[in-house]
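Structural features, examined
The lines below spell out each chain.
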Amino acid sequence: GMQSHLQALLSLYKLFCPDQVTITLSGKMKSYFKNSEGPWKAAITAVRQRNQGTSPLSQAVFLGTSQPQSRKRKWNAQLVIPATSTNTNNLEEEGEENSVYLYSSSRSFPVEQLQTFPQLLQNIHHLEFPSQMGSVLTNPLLLHYMNCVKDESIYLRLYYWMGQMLQEECTWCVVDKPHEEEFRSFLETIYKAECLLQEGFSACEEFLYKTLPLWDGVCCRSEILKLVSWIPLSSSSDIKSYLYDPLAQLFFTSSIYFKCSVLESLKELLQNWLNCNVIQVDLEFSS
């Protein structure tokens, strides 16, 4: 049966080899074997650290956020979004690498050769998403294609990759993460992709809900508040507990500048909700 630990294992397989897992898994990533006492222990440890000057390593251990570095980061010290490359399983050798023409139905157009919007329109039925879905974040043409296809498996592949990267690279949740500028740039890239797609990523939404209670309101402030403006519309109880309450704690104890930034972000959030709702109503009316 679909037990939780089996789903966790299958999700991991689907992250690295999506073509090998053909069954449909849940679209929401769950925290398996979660330590429910993490936030309380983190608060206690933070007080001890301020009063006694203890090592910051203990805070991460109590919090349960001291994740082991990924194998990728072990050999590569920089946060790098993968480059766009064709899926090697389906790539065929071409005589002329720079030639661009309409492929037959049995052959896919290499994404490395996709340079212009007319190329996208001409070969839209012969494109295949790259082997590493994270590369679409920096490719506006593939983001346009992703918006047209609306394939659930594509969103799931990006969801798993983005969720893992956000969890491993969050500078205020994992100890020994001095590369704030890299993480800031990564969040900015996600925000630009959301603006182009005109919708927020579910992995980014879950990341915000999990980390806002631990956020100090300073680290990557501009980028975090930008991402808040693209949170999808959900129930009022969820919005209150996961978004408003953590922001309220910072709002009442921060500067006027921070208060204005939060209000600006919530105003943009409301505008995005209204725009999405208008589009949905128009679609229903036309149908």
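Here the residue index of a chain counts from 1 through its sequence in written order. In view of the model being predicted, local features appear only for residues whose pLDDT reaches at least 70, and side-chain atom pairs are presented and counted only at 80 or more, with totals across whole chains, interfaces and linings using the full set of residues. Derived side-chain values reflect all non-hydrogen atoms in the structure, with water molecules and hydrogen atoms excluded from consideration.

By the naming in an unreviewed UniProt entry, the protein chain is CENPI protein, taken from Poecile atricapillus. UniProt positions are given in the numbering used here, feature names are shortened, and annotations may be inferred rather than shown by experiment. According to UniProt, the comment filed for the protein chain under the heading Sequence similarities (unreviewed entry) is "Belongs to the CENP-I/CTF3 family."

Within the secondary structure layout, Leu143 lies in helix H6 (residues 140-149). Each residue is placed in one exposure class: buried if its accessible area under a 1.4 Å probe, protein chains only, is under 20% of its type's maximum, exposed if it is over 50%, and partly exposed if it falls in between. A residue is classified by how much of its surface remains accessible, and Leu143, at 3% relative accessible area, is buried. Sequence separation of Leu143 and Leu197 is 54 residues, and the distance between their C-alpha atoms is 7.0 Å. Residues are treated as being in contact if the distance between any of their heavy atoms lies within 4.5 Å. Not counting residues within four places of it along the chain, the set of residues in contact with Leu143 comprises Val136, Leu137, Ala193, Leu196 and Leu197. A run of H or I in DSSP counts as a helix once it spans at least four residues, and a run of E counts as a strand once it spans at least two, with each numbered from the N terminus.

Turning to the confidence of the model for the protein chain, a few remarks are in order. Each residue carries a pLDDT score, the predictor's own confidence in it, on a scale running from 0 to 100. This prediction gives the protein chain a mean pLDDT of 77; 75% of its residues lie at or above 70. Across the protein chain, element-level confidence peaks in helix H10 (residues 221-228) with a mean pLDDT of 94 and bottoms out in helix H3 (residues 56-63) with 42. Here residues 54-77 is a poorly scored stretch, pLDDT under 50, and it has 42 contacts once near neighbours within four places are set aside; other chains count. Low confidence marks residues 90-105, where pLDDT is under 50. Its contacts with residues over four positions away, or in another chain, come to 27 contacts.

Quick look at the packing of helix H9 (residues 202-211) against H10 now. The geometry of a pair of packed helices is captured by two quantities: the angle between their axes and the separation between those axes. Axis lines are fitted through C-alpha atoms, for helices just across the contact stretch, and the angle between N-to-C directions can take any value from 0 to 180 degrees. Where H9 contacts H10, the axes come no closer than 10 Å and their chain directions differ by 120 degrees. The pairing of H9 with H10 is recorded here as oblique in orientation. For the element pair H9 and H10, the recorded crossing hand is left-handed. Residues Cys204, Phe207 and Leu208 of H9 touch H10, and the partners they reach there are Ile224, Leu227 and Val228. For the contact of H9 with H10, a count of residues per class yields six nonpolar, no polar and no charged. Put simply, angles under 35 degrees are roughly parallel, angles over 145 are roughly antiparallel, angles from 65 to 115 are roughly perpendicular, and the rest are oblique. Take the far helix as the reference: if the near one is turned anticlockwise from it by less than a right angle, the crossing is left-handed, and if turned clockwise, right-handed. We call Asp, Glu, Lys and Arg charged. Ala, Val, Leu, Ile, Met, Phe, Trp, Tyr, Cys and Pro are nonpolar, and the rest, Gly among them, are polar.

With that settled, the discussion passes to the nonpolar core. Buried Ala, Val, Leu, Ile, Met, Phe, Trp, Tyr and Cys residues that are joined via side-chain atoms within 4.5 Å together make up what is termed a nonpolar core. Formed by 59 residues in total, the largest nonpolar core has its most connected members in Met162, Trp172, Phe201, Trp215 and Ile224. Of all the secondary structure elements, the ones that give two or more residues to this core are H6, helix H7 (152-169), helix H8 (180-197), H9, H10, helix H11 (236-251) and helix H12 (256-286). A total of nine residues in this core trace back to one element, the largest contributor, which is H7.

This part is about the pattern of salt bridges. A pair is scored as a salt bridge if a Lys or Arg side-chain nitrogen falls within 4 Å of a carboxyl oxygen belonging to Asp or Glu. In the structure shown here, the tally under the stated rule is six salt bridges. Sharing partners across several salt bridges, the network here consists of Glu180, Glu181, Arg184 and Glu223.

Right, let's get into the packing of aromatic side chains. Working definition: a ring pair exists when centres of Phe, Tyr or Trp rings (six-membered ring for Trp) sit within 6.5 Å. Plane angles under 30 degrees give stacked, over 60 give edge-to-face, the rest tilted. Going through the model one piece at a time under the given rule, you end up with 10 aromatic pairs. Where Trp172 meets Trp215, the ring centres are 6.5 Å apart and the plane angle is 45 degrees; that geometry is what we call tilted. Taken together, the residues Trp172 in the loop between H7 and H8 and Trp215 in the loop between H9 and H10 connect sequence positions 43 residues apart. Accessibility assignment for this pair places Trp172 and Trp215 in one class, buried. One aromatic cluster in this structure is built from Trp172, Phe183, Phe207, Trp215 and Phe258. Geometrically, a charge over a ring is one whose NZ (Lys) or CZ (Arg) sits within 6 Å of the ring centre while staying within 35 degrees of the ring normal. Positioned above the aromatic ring of Phe251 is the side chain of Lys259, whose terminal nitrogen or guanidinium carbon lies 5.5 Å from the ring centre.

Moving on: the side chain of Arg157. Its place among the elements puts Arg157 in helix H7. Although Arg157 is buried, it forms no salt bridge, and the closest oppositely charged side chain is Glu128 at an N-O distance of 6.9 Å. Not counting chain neighbours up to four residues away, the residues in contact with Arg157 comprise Pro18, Phe129, Pro130, Ser131, Gln132 and Met133. We treat Lys and Arg as the positive residues and Asp and Glu as the negative residues; His and chain ends play no part in the count.

In this section: the state of the cysteines. Cysteine sulfur atoms are paired as a disulfide whenever they come within 2.5 Å of each other. A full pass over the atoms with the stated rule returns zero disulfides. Unpaired in terms of disulfides, Cys219 finds its nearest cysteine sulfur in Cys220, a separation of 3.8 Å. Taking relative accessible area as the criterion, Cys219 reaches 11% and is therefore assigned buried.

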